[in-house]
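Structural description and commentary
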Amino acid sequence: MKKLFLCITVVLFTVSAYAQSNDRFYATMNIVDAEALKSDIPNQIDILATKQNEAVVFMSPEAAHKLHDRILVHGPGYIFKASMDDALQALEKQGAPLNRSVLPFTITEDAAVSQVLEVIQTQNIETHILELQEYGTRYHSMPEATQAAQDLKTKWEAMAALYNRDDVTVRLFTHDNTSMPSVIMTIEGAELPDEYVIVGGHLDSTSSQGNNNAPGADDDASGIATITEATRALFEIGFVPKRTIEVMAYAAEEIGLVGSAEIAQEYASNGVNVIGVGQFDMTLFNGSAIDVSLISDFTNGELNNFFSQLMDHYNASGEHQITYGTSLCNYGCSDHASWTAAGYMASFPFEASFGQHNSNIHTANDTFSVSGTASHATKFTKLCAEFLIETAKQDGVLAVDEVIVRNVFAAISQTSLVYDLTATDIIFSTLEVFDVSGKKILQQSITETKGEVSVVHLASGVYVTKFTSANGTSVSKKVLKK
Ligand code: BES
Ligand code: ZN
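Summary of the structure given here. Residue numbers restart at each chain and count upward from 1, following the sequence in its written direction. In the order they appear in the text, chains get letters beginning with A and ligands get numbers beginning with 1. Predicted model: local features are reported for residues with pLDDT of at least 70 only, side-chain atom pairs are reported and counted for 80 or more only, and whole-chain, interface and lining totals are derived from all residues. By convention in this description, side-chain values take in all heavy atoms of the structure and omit both hydrogens and water.

**Looking at the nonpolar core**
By size, the foremost hydrophobic cluster in this structure holds 72 residues, and its most contacted members are Trp156, Leu203 and Ile245. Setting aside residues no more than four positions away along its own chain, Leu203 makes contact with Leu132, Arg138, Ala148, Ala149, Leu152, Met180, Val183, Ile224, Ala249 and Tyr250. Joining through side-chain atoms within 4.5 Å is the link that ties buried Ala, Val, Leu, Ile, Met, Phe, Trp, Tyr and Cys residues into a set, and such a set is a nonpolar core. Relative accessible area decides the class of each residue, using a 1.4 Å probe on protein chains only: under 20% of the type maximum gives buried, over 50% gives exposed, and in between gives partly exposed. Among the nonpolar cores identified, the runner-up in size contains 19 residues, and Val405, Leu417, Leu421 and Val453 belong to it. Contacts were defined at the residue level, with two residues in contact if any of their heavy atoms lie within 4.5 Å.

Structural data, given as structure tokens:
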């Protein structure tokens, strides 16, 4: 009876609201904020249902503005929902017990972690942030955002190719509520492929000064650079996971967690067994005395505890030291909240205590130069790699054929790349050149076992050459252009 009453009121409210305006939308938000708005501007918002601290609302853009002025210096403070059903379902899941068996999180992979910590490069993180801020804007509805997603897919594919990973695929995830796709890289688990561990960040950006100038360096090019470099480091040490790893660059976070919500809901409705999710949103700005703030609301206590244990074990002192504490967002402030709402365990290691974070986010000034170094982001990259290794666990290491490697000669002399493959018995047919971040710079067929290729257009620096035979055998060599 109560349910029927709720349904009828919902329908009545909906009808009357639509009569006033058709740009209203559904959302969930904190109940206190919802009630305050209702008493301030009763015609602009309807509270459709409540549970614990959360309310489902149907509200106008004007109410969204009011909310923004009332509670926050940045962002909306509500979570957009595509339909009333979505909103009510999200509310239903509030505080619901996890519907899957809890994995006992353990720390067993000291050997792999100690290797990975040595190969993570701050320079790669910096380069990637600069590349992303160069788009000018990645606001979800602008062509630059979709371009950034397509380019990231290409970059991740090239990175996997560089390290000969045929266990890696990259796909675009298209959405119902934004034209921007998300990007998902999958490293298939060698032993437990149906168990997933996920790390992600959002690829889109926004600016309250106008969305055509939204560099989003900290928010959240830094998170994308963090998860990319952590993954590259895993490839560099030849890490093969037992469980499936997915690395996600979410679309349209800034308009209300749209990309991650659609992904998390699809995973939940397909019963995908995700054992843990790490969110990396803002890792660049070093604003607090502690390095990492573990956000303790809209996250999972047990997984947060595991993140603390990782830092206690691997980052207690020395050159890889990371200090940490906890902080609150007070609302579902990033994509971890989408996973939490879908019933999964998620954590959110954040750049500073809430309030001491980068105050330039959501403006044209959110650029790399505000920090000038990616050293803070490097700490999050280490933590991300530790999390992936310890949750996915190592199955084995890719064997590199030392004999082939030793017999391949490649070097850059002035403006030419010179190679000599005569000492190997393999007939190589393709030559590729990558920069250190994994971006492919050059590709061409080769027919001779010895030769020269012009690299006059390449800037000075380290590059990786890769020779591949027709049957897929390949070997990589680092070269330096002076
Ligand atoms: N990176 C922010 C989240 C954030 C900002 C966390 C400051 C902690 C401190 C994220 O991109 C964002 O802007 N989120 C929105 C909310 C979201 C539901 C649209 C926000 O915080 O207003
Ligand atoms: Zn943001």
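After that view, the rundown keeps rolling.
**Some points on the packing of aromatic side chains**
When the centres of two rings from Phe, Tyr and Trp lie within 6.5 Å, Trp using its six-membered ring, the rings pair. Their planes under 30 degrees apart give stacked, over 60 give edge-to-face, and anything left gives tilted. What the rule picks out here adds up to 13 aromatic pairs. Ring centres of Trp339 and Tyr344 lie 5.6 Å apart, and the angle between their planes is 65°; on these two criteria the pair is classed as edge-to-face. For Tyr344, a relative accessible area of 2% translates into the label buried. The rings of Tyr196, Tyr267, Trp339 and Tyr344 are connected pair by pair, giving a single aromatic cluster.

**Remarks on the coordination of the zinc ion (ligand 2)**
The donor definition counts N, O and S atoms within 2.8 Å of each metal and applies 3.2 Å to Na, K and Ca; water is not among these atoms, so some sites may look incomplete. Looking at the metal site, the zinc ion (ligand 2) is ligated by Asp219 (OD), Glu254 (OE), Glu254 (OE) and His362 (NE2), spaced 2.0 to 2.3 Å from it. Bound by six donor atoms, the zinc ion (ligand 2) shows angles of 58 to 156° at the metal and therefore irregular coordination geometry. In the primary structure, the donors to the zinc ion (ligand 2) are separated according to the pattern D-x34-E-x107-H. Of the two residues, Glu254 is situated in the loop between β9 (243-250) and α9 (258-269) and His362 in the loop between β14 (349-350) and α12 (375-392); the sequence distance between them amounts to 108 residues. In this scheme the shape depends on donor count and angles: four donors with every angle between 85 and 135 degrees give tetrahedral, four or six donors with opposite pairs above 155 degrees and others between 65 and 115 give square planar or octahedral in turn, and any other case is irregular. By definition, any uninterrupted DSSP run of H or I lasting at least four residues is a helix, any uninterrupted run of E lasting at least two residues is a strand, and each is numbered from the N terminus.

**Some words on the environment of Val479**
By the secondary structure assignment, Val479 is in strand β22 (residues 474-481). With a relative accessible area of 5%, Val479 lands in the buried category. Taking the C-alpha atoms as reference points, Val479 and Asp435, 44 residues apart in sequence, are found 10.0 Å from one another.

**Quick notes on unusual backbone geometry**
With omega at 5°, the peptide bond leading from Asp219 into Asp220 counts as cis. Along the chain, Asp220 falls in helix α8 (residues 217-236). With phi around 60°, Leu257 is a residue other than glycine that occupies positive phi space. Tracing the backbone shows Leu257 in the loop between β9 and α9. On the basis of relative accessible area, Leu257 is assigned to the buried category, the value being 4%. Positive phi, normally seen in glycine, also occurs at Gln414, with a value near 50°. Position of Gln414 among the secondary structure elements: in the loop between β16 (409-413) and β17 (416-420).

**Topic: the sheet that holds strand β18 (residues 428-435)**
If you trace the four strands from one edge of the open sheet to the other, you get β19-β18-β21-β22, paired in antiparallel fashion. The open sheet has two free edges, formed respectively by β19 (440-445) and β22, since each of these has just one partner strand. Geometrically, the sheet is characterised by an average inter-axis angle of 20° between neighbouring strands, direction not taken into account. As a rule, the C-alpha atoms of each element are fitted with a line to give its axis, helices using only the stretch in contact, and angles between N-to-C directions run from 0 to 180 degrees. With respect to the sheet, helix α7 (residues 143-162) is in contact with β18, β19, β21 (461-469) and β22, its orientation differing from that of β21 by roughly 70°. Strand pairing is defined by DSSP finding a minimum of two bridges between the two strands.

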